[in-house]
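Structural description and commentary
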Amino acid sequence: MLKVPMMINGPIFERTAIGEIKKYLHTDDIIVLHGARQVGKTSILYYLEHQLKSQKKITYFIDLEDSRFVKILDAGVDDFLRLLREDGIHIDSGKKVFVFIDEIQYLKNPSSFLKLIADHQKGIKLIVSGSSSFAIKTKFKDSLVGRTVNFEIFNLSFKEFLLFKKYLFEEGKVYTSKKIDELRGLFKEYILFGGYPKIVLTHETERKEKYLQQIIDTYVKKDIRDLADVKDIDKFNKLLEALASQSGQQLNITELSNTTRIAKQTIEKYLFIMENTYIIKLVRPFSRNIRSELFKLPKIYFYDTGLMQMLWLKGLQKEIIGNVFETAIFAELIKKYNRESVFYWRTKDKKEIDFILKIKNDLLPIEVKLNFEQFNFSIIQYFNSHYMVNKYKVVSLTGTPKSKFCVYPWDV
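Here the structure is a predicted model, which is why all the values come from computation and not from measurement. (Residues numbered from 1 in each chain as written. Predicted model: local features only at pLDDT ≥ 70, side-chain atom pairs only at ≥ 80, totals over all residues. Heavy atoms only, no water.)

Quick word on the pattern of salt bridges
- Under the definition given, this model contains 25 salt bridges.
- Two residues, Lys-115 and Asp-119, come together in a salt bridge whose shortest N-O distance is 3.1 Å. Remark: Asp-119 and Lys-115 occur in helix α5 (residues 110-120); sequence separation between them is 4 residues, near one turn of the helix.
- Within the structure, one salt-bridge network assembled from shared partners comprises Lys-299, Glu-326, Arg-346 and Glu-352. (Salt bridge = Lys/Arg side-chain N within 4 Å of Asp/Glu carboxyl O. Helix = DSSP H or I, 4+ residues; strand = E, 2+ residues; numbered from the N terminus.)

And the structure:
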């Protein structure tokens, strides 16, 4: 009999995504969590399992990092059901069994396995996670269409960062200048070190750097190297550094190819994998003309500012650099609104707005400045008159907000 893993050490916090996930715990859908490594997917699974256990529900946790479980599940559904019976769990008891499977991408054919259970074992509710959308999508077939509900898990948002810091924060509340100063200091820490849960819970900067470097070496570089079959490691590492230095800037693949001496097609392959393993996001320009959109350069952003700075500057910094602040705001927008809602805007005569948030038919231009005093209204005024928009946001960390449209990062 295999031993089921126990709950991980340390506190487990209720991440924002958990509220949405809970809505699907009692449906017939297979719940799938995907995102980068080390962003807290396993902790979310443990949190949900703990909640269900407290409600006297039957649960079973499988960690596919353990190759013994992989062998059993790869052998087929019958072997999996036998594993449950050997551990005293009987599917025909009339009670729903909640089965958690971590790192589902390790299975040879996860689609077939999950489909058979979803279609023929109605007594089992599956909640599974995978280390990246790319690793999952390459193994998930069309046979699962209509059977899964998917959740993207990112590193911590600032709101979650405050939760991990046990700092009391109520969204939308008007705060005193003292409280704003506290929040400003905490957001600075969030920008400088990033939002990986382990990094947030580590106090010493030296250890934060060490853990971030481990994430880079063990997961970022290794995963991408394996998936992309990287031949020249030095060139690939140089590419990562170049991309990190360009976070928040337009990405010109021809220039990047000349700088790194990597073929354009190879760079495009690497970028595809990096984007689908949640390391970077290519933000497309906003335009009403789809044809013109296709021919404009995207901007590149990293999802984590700590990771970005370690790749670029080889260490965590003491002061905020402009494009690092912009990258942090990008990450906040993605977590709050979703990856497909964020664009940027730039004209041929170089009028530019950092972000255009598009939700259904509503547009919201967002400009990011370290200080409110740096904001120039003329470009947003031009955009708003051109696209018939009557609102905007200026996001800054320092200075004094001049109007209701000027907000601090925690109100974005």
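On we go from here.
So, the side chain of Lys-299
- Position of Lys-299 among the secondary structure elements: in strand β8 (residues 299-302).
- Judged by relative accessible area, Lys-299 falls into the buried class, the value being 1%.
- Side chain to side chain, Lys-299 and Glu-326 meet in a polar contact 3.3 Å long. (Buried < 20%, exposed > 50% of the residue type's maximum accessible area, 1.4 Å probe, protein only. Polar contact = N/O pair within 3.5 Å; in protein donor to acceptor, adjacent residues only side chain to side chain.)

A few points about the sheet that holds strand β7 (residues 280-283)
- If you trace the 3 strands from one edge of the open sheet to the other, you get β6-β8-β7, paired in antiparallel fashion. Two strands close off the open sheet at either side, each with one partner strand: β6 (249-250) and β7.
- As defined by bridge partners, β6 adjoins β8 across 2 bridges and the pair is classed as antiparallel. Across the sheet, Gln-249 pairs through a bridge with Ile-300, a residue of β8. (Pairing = 2+ DSSP bridges.)

Comments concerning the packing of helix α11 (residues 233-245) against helix α12 (residues 253-260)
- Orientation of α11 relative to α12, taken along the N-to-C sense of each, is 135°, at an axis distance of 10 Å. If you check the angle between α11 and α12, you find them oblique. Handedness of the α11/α12 crossing: right-handed. Mapping the contact onto sequence places Lys-235, Lys-238, Leu-239, Ala-242 and Leu-243 in α11 and Leu-256, Thr-259 and Thr-260 in α12.
- Taken together, the residues that form the contact of α11 with α12 break down as 4 nonpolar, 2 polar and 2 charged. (Axes fitted to C-alpha atoms, helices over the stretch in contact; angles between N-to-C directions. Parallel < 35°, antiparallel > 145°, perpendicular 65-115°, else oblique. Left-handed = near helix turned anticlockwise from the far one by under 90°. Contact = heavy atoms within 4.5 Å. Nonpolar A, V, L, I, M, F, W, Y, C, P; charged D, E, K, R; others polar.)

Quick word on the side chain of Thr-305
- Tracing the sequence through the fold places Thr-305 in helix α15 (residues 305-313).
- Of the residues examined, Thr-305 reaches a relative accessible area of 6% and is grouped as buried.
- Apart from residues lying up to four places away in sequence, Thr-305 is in contact with Tyr-190, Ile-191, Gly-194, Val-324, Thr-327 and Ala-328.

These figures capture arrangement, not role.
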